[in-house]
Amino acid sequence: MSENDQRCINTIRVLAADITRGANSGHPGAPMGCAPMAHALFTNFVNVNPRNPHWPGRDRFVLSNGHACALQYILLHLLGFKMSMNDLKAFRQVGSITPGHPERGHTEGIEVTTGPLGQGIANAVGLAIAERNLAATFNKPNYPIFDNHTYVILGDGCMQEGVQSEACSLAGHLKLGKLIALYDDNHITIDGDTAVSFTEDVLKRFEAYGWHTLVVDDGDDNLNSITQAIEKAKTVEDKPSLIKIRTTIGFGSKFQGEEKTHGSPLDAEDIKQLKQKFGFNPDESYVVPQEVYDHYHKCAQRGEEREKEWNKLFDAYVKEYPKEGAEVKRRLEGKLPSGWKDALPRYTPQDPPVATRKLSEAVINKLAGDVIPELIGGSADLTGSNNTRWKTAVDFQPASTNLGDYSGRYIRYGVREHGMHAVMNGIAAYQGLIPFGGTFLNFLTYGWGAARLSALSNLRVIYVMTHDSIGLGEDGPTHQPIETLALTRATPNMLTFRPADGNETSGAYLVALERDNMPSILALTRQNLPQLDGSSAEAVWKGGYVLEPLSDANPDVTLVATGSEVSIAVEGAELLRKQGLKARVVSMPCTELFDEQPLDYRVSVLPKGVPTIAVEALSTFGWQKYSHAEVGMISFGASGAYKDVYKHFQITPEHVAEMGKNAVQYFKKHGSVPELFPQFAPCT
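Bear in mind the structure is a predicted one, so any value in this text is a computation, not a measurement. (Residues numbered from 1 in each chain as written. Predicted model: local features only at pLDDT ≥ 70, side-chain atom pairs only at ≥ 80, totals over all residues. Heavy atoms only, no water.)

### Section: the overall build of the protein chain
Formally: A run of H or I in DSSP becomes a helix once it reaches four residues, and a run of E becomes a strand once it reaches two; helices and strands are each numbered from the N terminus. The cut-offs for exposure are 20% and 50% of the maximum accessible area for each residue type, with area from a 1.4 Å probe on protein chains only; residues under the lower value are buried, those over the upper are exposed, and the others partly exposed. What makes two residues a contact is simply this: any of their non-hydrogen atoms within 4.5 Å. With residues, only the protein chains shown are counted as cover, and all accessible areas are computed by Shrake-Rupley using a 1.4 Å probe. Counting rule applied: Lys, Arg positive; Asp, Glu negative; His and chain ends not counted. Where a charge sits is defined by one atom per residue type, namely NZ (Lys), CZ (Arg), CG (Asp) or CD (Glu).
Each helix and strand counted, the protein chain has 24 helices and 20 strands in total. Projecting the C-alpha coordinates of the protein chain onto the three principal axes gives extents of approximately 90 × 60 × 45 Å. Relative to its 684 residues, the protein chain shows a buried fraction of 63%. Long-range pairs, those at least 24 residues apart, make up 77% of the contacts in the protein chain with a sequence separation of at least 6. About 25300 Å² of surface is accessible on the protein chain, with carbon and sulfur atoms providing 49% of the total. Averaging the positions of the 66 positive and the 80 negative side-chain charges in the protein chain gives two centres separated by 3 Å.

If you want it as structure tokens, here you go:
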């Protein structure tokens, strides 16, 4: 190790101590212990350009143990990204670009949002999948347009999370050779030494997954060994690589090697001795020697030169392969193909009843099969139930398996819901691909940690969630979602669609694809539903709308419903008419979109002074915002034929009509109908 390398590493360690002490919050230990591996990685291997952080040919870096983000912010500062010393001083402060964990889109140079442990390494698997797929799709002889590596640093905490195991198992099967993970093996978690809870042989586990593994025994001082291990990992192209690097958490602190350095800043006395030990003035803070800046700026210049080379290569590629070049440009600009909406299936009431999961399949066949080639789909071992695979699909598999190839766009995720969701986040973050994945709606919460990060990260990920209510029938309450959509609707920056027929299913995809800064949940039925008179794909943009041909003017009661219950509401309205009451039927495929509409539109759909009944075969929680009374679930479901289950819980046209009649009588007796929140308040 050269004297300047040592100076760079010690600068990172001291800065990490200063930054966390200045905030009186944060995790200094991991940045101090990981400084050598991070220095080796960024000064020798990672090709990025601070002047253009998003150039397509860059390497991707993920800090999976996101609590160590002081390390990543320091590296961004040293390289010359938009990360000033004042930004480092504002660590963990409101409004800063140095939040407590890395956030994609918030800070330049951050590829994915990490912090919840295990998510980052799983995202990295998605980044590596995206690179392999785009390379297989677009690369030509002498034109390696997509050819980057994905590098990860992760710790003992990530290694214990289930999402990591799911994603890494899949990565081994898929032979993702351009994925290289550096495991910070410091034997410490918050509770203390990993001896108390985590004693497995991690390398044997990863070898069983199909990974190439390496060990560096002295990660505190032996920079050459770290560098050589990464170089060796890069030569293995048919397996992802895991390099276990033994480090000391909080290296240089009086409490190095102890959990005390993990989640709390070092005290002033400790920082003073740390600086003296590493040759810094103990009376100065936030100091970077010029030689350190010079060294890292040279690394940034290397990345800038690589981008120039890539741009020159891509210009030549476009000239030789103009069709492919135009397609790459379109995808990287985030533009959908012109005329794609024309491919969306349309329906009339004369068309036969069909389950919305099958109607979703029809959309996928049209779009993924013919029109939007950047769609990359999959299922968590429920392909035949989720109906997520289109007729012409090729599986994304290593060619050696004879099961598909890397140009394939259908991913067999296996029984790994959480892994699937996190991998899709990585695919979406790469750019150039739009991921969708299927499982049962009730199992969305198996992977909720990743789905929540889709929303936080502003990623266009489409969750195709079938078997969406008690309507799935015989599988019973273990599989029947009740509370799930209350959760998704409560989540910021996430759209929840529960379409009632074919037109609304097409509309759900229409909006989900055009809203490129948020994930969408599509809740789809197992049972067949009729095609409704008055529905349309475009109406879904409004979130809720009146089914005009099925509604009366000047209604006595409004019935608002979603999905499979819209047709029940239609039948309930007919029963009310027979009793002399005029009824309006409102389909509400997406409450979040309805909340976005102007007040006058919301009032036109849910008129004031008219009792409103909500009908949905899931939890009634949240519907009080839109209705005066609810027909829905306040308990778990039951096993049985779905029609019998609906009758058991009184989600029937008869009960809807009874509730409507009772509401009219009740409010007539009391002399007024209370206003609903969407009738008087801004909803967003």
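### Examining helix H1 (residues 3-23)
The condition that has to hold: What a helix should span is 1.5 Å times the count of its residues minus one.
Over its 21 residues, H1 extends 30 Å from the first C-alpha to the last, a length consistent with the 30 Å expected when each residue adds 1.5 Å. Positive phi shows up at Asn24, right after H1, with a value of about 55°.

### Points about the pattern of salt bridges
The line we're drawing: When a carboxyl oxygen of Asp or Glu is within 4 Å of a side-chain nitrogen of Lys or Arg, the pair counts as a salt bridge.
Summed over the entire model, instances satisfying the criterion amount to 32 salt bridges. Close ionic contact of Glu111 with Arg58 constitutes a salt bridge, the shortest N to O distance being 2.8 Å. Of this pair, Glu111 sits in the loop between helix H4 (85-89) and helix H5 (119-138) while Arg58 sits in the loop between helix H2 (29-44) and strand E1 (60-63); the two residues are 53 residues apart in sequence, bridging distant segments of the chain. Of the residues examined, Glu111 reaches a relative accessible area of 9% and is grouped as buried. Where Glu616 meets Arg498, a salt bridge forms, and the shortest distance between an N and an O atom there is 4.0 Å. Note that Glu616 is positioned in strand E19 (residues 612-619) and Arg498 in the loop between strand E13 (495-497) and helix H18 (502-514), a separation of 118 residues in sequence.

### Some points on the packing of H1 against H2
Using the following cut-off: Between N-to-C directions, angles span 0 to 180 degrees; the directions come from axes that are lines fitted to C-alpha atoms, helices contributing only their stretch in contact. In this scheme the handedness of a crossing depends on how the near helix is turned from the far one: anticlockwise by less than a right angle means left-handed, clockwise means right-handed. We call Asp, Glu, Lys and Arg charged. Ala, Val, Leu, Ile, Met, Phe, Trp, Tyr, Cys and Pro are nonpolar, and the rest, Gly among them, are polar.
Between H1 and H2, whose axes approach to 9 Å, the crossing angle comes to 145°. Crossing geometry of H1 relative to H2 is assigned as right-handed. In this structure, H1 uses Asp5, Cys8, Ile9, Ile12, Arg13 and Ala16 to contact H2, whose residues at the interface are Pro31, Met32, Ala35, Pro36 and His39. The residue inventory of the contact of H1 with H2, partitioned by class, reads 8 nonpolar, 1 polar and 2 charged.

### Side note on the packing of aromatic side chains
Our working rule: We call Phe, Tyr and Trp rings a pair once their centres come within 6.5 Å, taking the six-membered ring for Trp, and we label the pair stacked below 30 degrees between planes, edge-to-face above 60, and tilted otherwise. Note on geometry: a ring has a charge over it if NZ (lysine) or CZ (arginine) is within 6 Å of the ring centre and within 35 degrees of the ring normal.
If you walk through the whole model with that rule in mind, you get 23 aromatic pairs. With centroids separated by 5.8 Å and ring planes inclined at 65°, the aromatic side chains of Tyr143 and Tyr317 adopt a geometry described as edge-to-face. Taken as a pair, Tyr143 in the loop between H5 and strand E2 (150-155) and Tyr317 in helix H11 (residues 290-320) lie far apart in primary sequence, 174 residues in all. You can call Tyr143 buried: its relative accessible area is 12%. Their ring planes at 85° and their centres at 6.3 Å tell us that Tyr642 and Tyr646 sit as a pair that is edge-to-face. A residue pair is termed a helical-turn pair when its members lie 3 or 4 positions apart in one helix, as Tyr642 and Tyr646 do in helix H22 (residues 642-648) at 4 residues. Under the relative-accessibility criterion, Tyr646 is labelled buried at 6%. Clustering of aromatic rings is evident, with ring pairs tying together Trp55, Tyr143, Trp310, Phe314, Tyr317 and Tyr321. Its end group placed over the ring of Tyr430, Arg60 keeps NZ or CZ at 3.9 Å from the ring centre. A cation over a ring is seen here: Lys542 above Tyr601, with NZ or CZ 4.9 Å from the ring centre.

### Description of empty space enclosed by the protein
Definition in use: Note on definitions: the grid is 1 Å and covers protein atoms alone; a cavity is a set of points where a 1.4 Å probe fits but cannot get out; a pocket is an open set with protein on both sides within 12 Å along at least five of seven lines; lining residues have an atom within 4 Å of a point. Grid points are joined across faces, edges and corners, and a volume is the space filled by probe spheres set on the points.
For the structure shown, the criterion picks out 4 cavities of 30 Å³ or more. Of the voids in this model, the largest cavity is the one considered here, and its volume is about 120 Å³. Lining the largest cavity are 14 residues, and of these Phe42, Val48, Phe61, Phe81 and Gly109 sit closest to its centre. At the level of elements, E1 and helix H3 (69-79) are the ones that each hand at least two residues to the lining of the largest cavity. Per element, the largest residue contribution to the lining of the largest cavity is 3 residues, and it comes from H3. Among the residues making up the lining of the largest cavity, the classes are represented as 7 nonpolar, 3 polar and 4 charged.

Nothing here speaks to function; it is all geometry.
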